[in-house]
Amino acid sequence: MKVNIIHPSLNRHGGAERVLLEMIRSLSNSGHETNLYTLDRVRWDQLTQSSGRGTQPVKEFYTYDNLPSLDSPLNWCLIAIAYLKLLVQANENADGISINNYGEVFPFITDFSYVHSIPLFALPMKPESNPYSVPFWTHLSQGYRIAHRILRSRLSKVILTNSVYNSEIIERSLGVKPIIVSPPIQLRKLGLQAVEKDTVVLSISRFSTTKMLDNIPMIAIKVKSRCKFGVLGHLDTGASQVLDAFHKLCRRLGAQDRVEVITNPCQHEIEEWLGKAQVYLATQPTEAFGMAVAEAMSFGCVPLVPRSGGP
């Protein structure tokens, strides 16, 4: 069977992208032909470095070689329209199925929509509720609400999500009960053994304002024992500003000697840090599942998470 999968960009190296790569691998191993539709061209060499070599789709379709700048409301509108076009294009093949791997924004048109995080349509349309840092969100949110109302009749036949926590939010917002499909977790291959761990507190995250990483240096300066805080994350569009602000906060609080940042780590580096860390610290209170939390637990890290959210 032909399976068309749609996702904004695989160049972000986050949890949703890992789910997509595993989706392509599983479908391909089952004998299905997978086609990938994205907004920008996939940098497979960078993906290989960060997550290992993954199975590539049979065909790829993309709108831009590089995404337009995201500092303009006009470009956000163009990107939204381009993504809707990809959904329509991928759904035109009557002989196969279509899967939208970004259902948190537009869970429409395709046969399946997978919702990874708290959906945008479930959030209040206020300036402070702007998880994607869209310019002029107060005004653009009205357009999004209108588009969502128009497309409501084209809701995907099946809604998938990753946790009970997110399922309940989606059911309240859409009146549809999603099917829960937990994301793929990379467990420690050699099994858990009694090893001497270092006094390390580890966080693995994209550098995004929604991840609330500013909590890390504020916690670090209050911890009396001399432990090291490690923050591992990939840099994508807009991440450099978040990272600069994080470093400035560390210096202002006097936590720069206690917090070490590793950007764009390879899988080997991630496993090295997981192997020596005693505690895994998650800072986002609205995390829908928390793949990194589960993987850190398989390495013997004690999870420290907010009371709210999937973790």
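Structural data are supplied above this passage.
Residues numbered from 1 in each chain as written. Predicted model: local features only at pLDDT ≥ 70, side-chain atom pairs only at ≥ 80, totals over all residues. Heavy atoms only, no water.

A. Seen up close, the overall build of the chain. Helix and strand content of the chain: 9 helices and 12 strands. Here the C-alpha radius of gyration of the chain, 20 Å, is about what a compact globule of 311 residues would show, namely 19 Å. Principal axes of the C-alpha set define a box for the chain whose edges measure 60 × 45 × 35 Å. Split into buried and exposed, the 311 residues of the chain put 46% on the buried side. Contacts in the chain between residues far apart in sequence, at least 24 positions, make up 66% of those at least 6 positions apart. As presented, the chain carries roughly 15700 Å² of accessible surface, and 54% of it is formed by carbon and sulfur atoms. The centroid of the 32 positive side-chain charges in the chain is displaced by 5 Å from the centroid of its 27 negative side-chain charges. (Helix = DSSP H or I, 4+ residues; strand = E, 2+ residues; numbered from the N terminus. Rg over C-alpha atoms; globule rule 2.2 N^0.38 Å. Buried < 20%, exposed > 50% of the residue type's maximum accessible area, 1.4 Å probe, protein only. Contact = heavy atoms within 4.5 Å. Areas by Shrake-Rupley, 256 points an atom, 1.4 Å probe, with all protein chains shown as cover. Lys, Arg positive; Asp, Glu negative; His and termini not counted. Charge placed at Lys NZ, Arg CZ, Asp CG, Glu CD.)

B. Quick peek at the sheet that holds strand β1 (residues 2–6). The strand order β3-β2-β1-β4-β5-β6-β7 describes an open sheet built from 7 strands, whose pairing is parallel. Strands at the two margins of the open sheet, each flanked by one partner only, are β3 (59–64) and β7 (179–180). Note that strand β2 (residues 33–40) and β3 share 5 bridges and pair parallel. Looking at the pairing, T38 lines up with Y62 of β3. Set on the sheet, helix α3 (residues 73–90) makes contact with β1, β2, β3 and β4 (97–100); between it and β2 the angle comes to about 165°. The strands touched by helix α5 (residues 164–174) within the sheet are β5 (112–115), β6 (158–161) and β7, with β6 carrying the most contacts at an inclination of about 145°. (Pairing = 2+ DSSP bridges. Axes fitted to C-alpha atoms, helices over the stretch in contact; angles between N-to-C directions.)

In short, geometric facts, not functional conclusions.
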